[in-house]
Amino acid sequence: MMTNDNRDQWLEQQEPSDSSEIVEIEPVSKKKTSKPRQASRFKSVFAAFLAGTLVTGGLMFASDKMNLFTAYQSVAAGGSGGSSSTKGTTLGDVKTASVNLGASGSISQIVEQASPAVVKIETKVKANSGSRAQAMDPFFRQFFGDGGSSGNSDRLQDGGMGTGFLFEKSGYILTNEHVIDGAEEIWVTVQGYDKPIKATLLGNSYDLDLAVLKIEGDKDFPYLPLGNPDTVKQGDWVVAIGNPYDFDQTVTVGVLSAKERPISIPDAQGTREYKHLLQTDASINPGNSGGPLLNLNGEVIGINTAVNADAQGIGFAIPTTTISSVLENLKNNVAIPKEPVPYIGVGLEDIDDGWRSDLKLGSANGAVVSQIEPGSPAFAAGIRTYDVISAVNGEQVNNAGELTTKVKALKSGDKAVMTVIRNGQKSDITVTIGDKKAQQQK
């Protein structure tokens, strides 16, 4: 064991002499030799940052000049936004702006851009008059939803209400003919204007149910481009904007349910034979007539026209392919040639057990001629009442509906061979297909 004397002696021996060198030791994290390295690293990082900033800025400038990353151009092209740099497509005589929202586009974007070009249309009529839509059978009025009132005065009063949309910045408006039918005055409400603007009817077509109006303003109007419905597939999303039941600027969304739908709607003047209609389940109600049906590019692919009030999700729109071919005629009030309606001039019935017994038929295939129009193509060819037509151009028909469909698929002036059963004997009779509209005008 070390004594106190020995310990003191040992400590004296361990003390450094005056000539000994004392070395100071610091923790590793604070080495004096690391300070020059930190300054060098900071300079490197700063230089890299400056280089990256210059490269990024250059790319952003180039992309802006070349419009590489523009995701959406204004659908309401009458605004102050720049013109679209995307490709334009031609639909008939109408050049359309192809604006691509892509997968990231939202319905709210479409509505925000499109709604300024959607207008409310109100009509004034004489108190003792009514439009054809008002006079039609109540069952069919559900398709249009135009209102009206009656009275004994010649003063003007509220007639109907519908929708339309501007398709040119100078104030051209598209709508349905039945929206403005019978109107003495037409007034249009445009977003951004304090008062309705009186419109001029330029041209209209009863058969196509289309009309073009013109309004004047002190500046360019927002407008919607016409798109091509052929690019929209069954099941694709569509957007409808209108004024149903006087609820202004109502937006509904659905899908394109079907294409090429035909419907017939009779009224006091005749029957509108709609063809090639787009069917959608986007909610369309009375007052939506004349409003746009939009694709996800914000382009108009149809005019909302009719809805069956007894059903859910069954609305119809006139496609822009129909509109484009007659748009210039409507703008310039040039008569639109009537499309021929193929017919042969007979009334038909299915063959039931009673007909089979009376006519001594071996089967129920075909259709019975229950009546025939004097002077019609069928009458001129020699077809008579109680004849049974069992085939057209060698193709069997099973009922009256099939026969009617086959006749409508032909063209006016075509010659069709009808297989006819009369008194148990078959014979072929050639019928020249006529034009029902031309016949009605005689």
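This text goes with the structure placed above it.
Right, let's walk through the structure included here. This is a predicted model, so every value here is computed, not measured.

1. Quick look at the sheet that holds strand β7 (residues 197–205)
Through backbone hydrogen bonds, the strands of a sheet pair up, either in parallel or in antiparallel fashion.
Stage number 1. If you trace the six strands once around the closed barrel, you get β3-β4-β5-β8-β7-β6, paired in antiparallel fashion. Along the sheet, successive strands turn relative to each other by an average axial angle of 40°, direction set aside.
Stage number 2. Where strand β3 (residues 118–126) meets strand β4 (residues 156–168), eight bridges bridge the pair, whose relative direction is antiparallel. Considered in β4, the bridge of E122 is made with M161.

2. Thoughts on the layout of surface pockets
Stage number 1. Empty space within the largest pocket amounts to approximately 1,300 Å³.
Stage number 2. The wall of the largest pocket is formed by 46 residues, among which T271, E273, V341, K436 and K437 lie closest to the centre.
Stage number 3. Secondary structure elements with two or more residues in the lining of the largest pocket: β7, β11 (271–280), α7 (320–324), α8 (327–331), β15 (342–343), β16 (346–350), α11 (400–408) and α12 (436–440).
Stage number 4. For the lining of the largest pocket, the element with the highest residue contribution is β11, accounting for six residues.

3. Overview of the pattern of salt bridges
If charged atoms from side chains of opposite charge come close, those side chains can pair.
Stage number 1. Per the stated rule, a full pass over the model turns up 10 salt bridges.
Stage number 2. E216 is paired through a salt bridge with K214; the nearest N and O atoms lie 3.0 Å apart.
Stage number 3. Relative accessible area serves as the criterion here: at 57%, E216 is assigned to the exposed category.
Stage number 4. Here K214 falls in the buried class, since its relative accessible area comes to 14%.
Stage number 5. Taking the shortest distance from any N to any O, the salt bridge between D387 and R422 comes out at 2.7 Å. Highlighted residues: D387 in the loop between α10 (377–381) and β18 (388–392) and R422 in strand β20 (residues 415–422), separated in sequence by 35 residues.
Stage number 6. Since its relative accessible area comes to 36%, R422 is described here as partly exposed.
Stage number 7. Several salt bridges share partner residues, and in doing so they unite E168, E328 and K331 into one network.

4. A word on the sheet that holds strand β14 (residues 315–319)
Stage number 1. Spatially, β9-β10-β11-β14-β13-β12 is the arrangement adopted by the six strands of the closed barrel, whose pairing is antiparallel. Neighbour to neighbour, the strand axes of the sheet diverge by 55° on average, direction disregarded.
Stage number 2. Bridge analysis of strand β9 (residues 237–242) against strand β10 (residues 250–266) gives six bridges, and the strand direction is antiparallel. Bridging across to β10, W237 finds its partner in V255.
Stage number 3. Helix α3 (residues 107–114) contacts β9, β10 and β12 (292–294) of the sheet and is inclined by roughly 35° relative to β9.

Reading the values: rules and limits
- Residues numbered from 1 in each chain as written.
- Predicted model: local features only at pLDDT ≥ 70, side-chain atom pairs only at ≥ 80, totals over all residues.
- Heavy atoms only, no water.
- Pairing = 2+ DSSP bridges.
- Helix = DSSP H or I, 4+ residues; strand = E, 2+ residues; numbered from the N terminus.
- Axes fitted to C-alpha atoms, helices over the stretch in contact; angles between N-to-C directions.
- 1 Å grid on protein atoms, 1.4 Å probe; cavity = no way out; pocket = protein on both sides within 12 Å on 5 of 7 lines; lining within 4 Å.
- Points joined across faces, edges and corners; volume = space filled by probe spheres on them.
- Salt bridge = Lys/Arg side-chain N within 4 Å of Asp/Glu carboxyl O.
- Buried < 20%, exposed > 50% of the residue type's maximum accessible area, 1.4 Å probe, protein only.
- Contact = heavy atoms within 4.5 Å.

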